[in-house]
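If you want the building blocks of each chain, they are given just below.
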Amino acid sequence: MAKRVLLCAALALLVTGLAFSAGDGESAPADGEVGGTLRVFDDVSEAWQTAFSEQYPEVTLDVESAGAQQYESILKSRIAAGDAPDVFVVWSNARAADYAIRGLIEDLTDYPFTQRVLPSVNREFSYDGRVYALSHGTEGEGLYINMDLLNQIGEEVPTNWEELLAVAEAFEEAGIQPFAAGFKDDWTIMRYTNSAFATLGYGRDPDYEEKLISGEVTFDAEGWRETFDKFGVLLERGYMGEFPLATDNAQAIASFSSGDAGMMIHGSWEAQQLAELGGDMDILFTATPVNDPGEDLYANWKAGVGSAISTDTNNLATAVAFLDVFAQPDVIVANALETKTYPGFVDVSVDGINPILDGFVATFVSAGMTQPGAHYKWPAGMSNNWKKKLQEF
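Here the residue index of a chain counts from 1 through its sequence in written order. With the structure being a predicted model, the display of local features is reserved for residues of pLDDT at least 70 and the display and counting of side-chain atom pairs for 80 or more, all residues being used for whole-chain, interface and lining totals. Hydrogens and water molecules were not included; the side-chain quantities draw on all heavy atoms of the structure.

**A look at the pairing of strand β9 (residues 261–267)**
Okay, so step 1: Counting buried residues in β9 gives seven out of seven residues, a clear majority hidden from the surface.
Okay, so step 2: Strand direction decides the pairing type here: strand β7 (residues 138–146) and β9, joined by five bridges, are antiparallel. By the bridge assignment, I145 is partnered in β9 with M263.
Okay, so step 3: In this scheme, strands are said to pair when DSSP sees at least two bridges between them. A helix here means a DSSP run of H or I that spans at least four residues, while a strand means a run of E at least two residues long, and both kinds are numbered starting from the N terminus. Here two bridges tie strand β8 (residues 177–179) to β9, and the two strands are oriented parallel to one another. Note that in β9 the partner of Q177 across the bridge is A261. Buried, partly exposed and exposed residues are distinguished by accessible area as a fraction of the type maximum, computed with a 1.4 Å probe on protein chains only: under 20%, between the cut-offs, and over 50%, respectively.

**Remarks on the confidence of the model for the protein chain**
Okay, so step 1: Known as pLDDT, the predictor's per-residue confidence is scaled from 0 to 100. Summing up the model confidence of the protein chain, the mean pLDDT is 88 and the portion of residues at 70 or higher is 91%.
Okay, so step 2: Low pLDDT, under 50, characterises residues 1–29; the predicted model gives this stretch 56 contacts beyond four residues in sequence or across chains. Here, two residues are considered to be in contact whenever any of their heavy atoms come within 4.5 Å of each other.

**Here we look at the sheet that holds strand β12 (residues 305–309)**
The strands making up a sheet associate through backbone hydrogen bonding, with each pair oriented either parallel or antiparallel.
Okay, so step 1: Spatially, the five strands line up as an open sheet ordered β2-β1-β3-β12-β6, and their pairing is mixed. Looking along the sheet, the strands with just one partner apiece sit at the ends: β2 (59–64) and β6 (134–135).
Okay, so step 2: Relative to strand β3 (residues 87–91), strand β1 (residues 36–41) is paired through two bridges, and the arrangement is parallel. Among the inter-strand pairings, V40 is bridged to a residue of β3, identified as V87.
Okay, so step 3: Note on geometry: axes are lines fitted to C-alpha atoms, helical ones only across the stretch in contact, with angles between N-to-C directions running from 0 to 180 degrees. Together, β2 and β12 form the strand contacts of helix α2 (residues 46–55), whose direction differs from that of β2 by roughly 165 degrees.

**Quick notes on the nonpolar core**
Okay, so step 1: By convention a nonpolar core is built from buried Ala, Val, Leu, Ile, Met, Phe, Trp, Tyr and Cys residues, the set being connected through side-chain atoms within 4.5 Å. One finds F88, Y144, F322 and L323 to be the most contacted residues of the largest nonpolar core, which totals 74 residues.
Okay, so step 2: Top element by residues in this core is helix α13 (residues 316–326). It accounts for seven residues.

**Some remarks on the pairing of β2**
Okay, so step 1: With six bridges joining them, β1 and β2 adopt parallel strand pairing. Each bridged residue has a counterpart across the sheet, and for G36 the counterpart in β2 is V59.
Okay, so step 2: Here a crossover is taken to be right-handed if, once the strands point away from the viewer, the path from the first strand over the helix to the second is traced clockwise. Handedness of the β1-α2-β2 crossover: right-handed.

**Brief notes about unusual backbone geometry**
Okay, so step 1: Located in the positive-phi region is D128, a residue other than glycine, with phi close to 55 degrees.
Okay, so step 2: Considering the arrangement of structural elements, one finds D128 in the loop between β4 (126–127) and β5 (130–131).
Okay, so step 3: On the basis of relative accessibility, which here comes to 41%, the residue D128 falls in the partly exposed class.
Okay, so step 4: One non-glycine residue, K340, adopts positive backbone phi at about 60 degrees.
Okay, so step 5: Structurally, K340 is set in the loop between α14 (329–339) and α15 (355–365).
Okay, so step 6: Look at K340 and you get partly exposed, because its relative accessible area is 29%.

**Re the pattern of salt bridges**
Okay, so step 1: Between Lys or Arg on one side and Asp or Glu on the other, a salt bridge is scored when a side-chain nitrogen of the former is within 4 Å of a carboxyl oxygen of the latter. Summed over all chains, the structure comprises 17 salt bridges.
Okay, so step 2: Between R78 and E64 there is a salt bridge whose closest N-O contact spans 3.1 Å. Of this pair, R78 sits in helix α3 (residues 68–80) while E64 is found in strand β2, placing the two residues 14 residues apart along the sequence.
Okay, so step 3: A salt bridge links R204 to E295; its shortest N-O distance comes to 2.7 Å. One end of the pair, R204, is in the loop between α8 (190–202) and α9 (208–214); the other, E295, is in the loop between β10 (283–286) and β11 (299–303), and 91 residues separate them in sequence.
Okay, so step 4: What makes E295 partly exposed here is its relative accessible area of 23%.

**A word on the environment of G82**
Okay, so step 1: Here G82 is to be found in the loop between α3 and β3.
Okay, so step 2: On the accessibility criterion, G82 (63% relative accessible area) is exposed.
Okay, so step 3: Taking the C-alpha atoms as reference points, G82 and A221, separated by 139 residues in sequence, lie 44 Å from one another.

The structure is reproduced here in structure tokens:
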């Protein structure tokens, strides 16, 4: 309890500046000829590159990418040096807004491809009511369950907190580690809080963020207290292993994939790797059941990353054409099947992307039972503090 109170107090200090100031920044669709070289710092699928090159053979594509842990530091160094790529990736919510506030990325609101994106997805790349990036797709965080092991211990898929504890205890009694957890990589520790707060925070109070900004509620609000109290139960009972801070992400995934652990709280982006490593293992992905019996269970599902256009580009028309190609229905489908990512467009849906996730999407996403995670609306840089505080907890 004391640790949770200290964490809440620290977060209250860190969140200073949560409310962004307003700006103007409207822009009209680009004019000019498509051609020349387009410098792209982005994780561009083969389907996207191929379609663009076929439609615009006169353009030379210069595509680079980097790992998620190094990407932003490299990008910010290039921007500071006056060497910004024409097109680059931004993360949703506060991190995208940070680039928009500083005038580093173009306003994409008035382009037709932007207006075909789901409003809920566009909001995650918006600042002051304007949209600044085109979503690559949607993703979420939740609970993976080894159904073979669950059936072996004679338990059902948990749908609330009491059932989750019962399943965890049954795994423990059977000599199976309940959860694989690789918290040595600090970013993985956010998977629990993000998936839990979808239900305990925004699921109960969709206006929580606005109330936090106005001072009506604090980080010691009920949803936060319950999020950490329940996390504490999982840790104190040893359900996440004896040394989760000494286990990295790769080890945790290997532990789950080999059948040494029955469950794992992680992101949907790991589903493809788990399917490959697990072989014939029957894996289920569901919302993390931290809800009380009889209470609605919400899944954490959101926009992942999006493509933005630098305001320093000398080739705006070509950059716009590049995003426009991505938003063409046949390219959306091909990209989704290649990257195993669910698109975020109003007029295009794709079946059969990933058997592990398809049921989750039908049960929670299509039914509208989704909410954002714990830190996605916070100012840029907050997540780094958040990870440190979680490890201290």
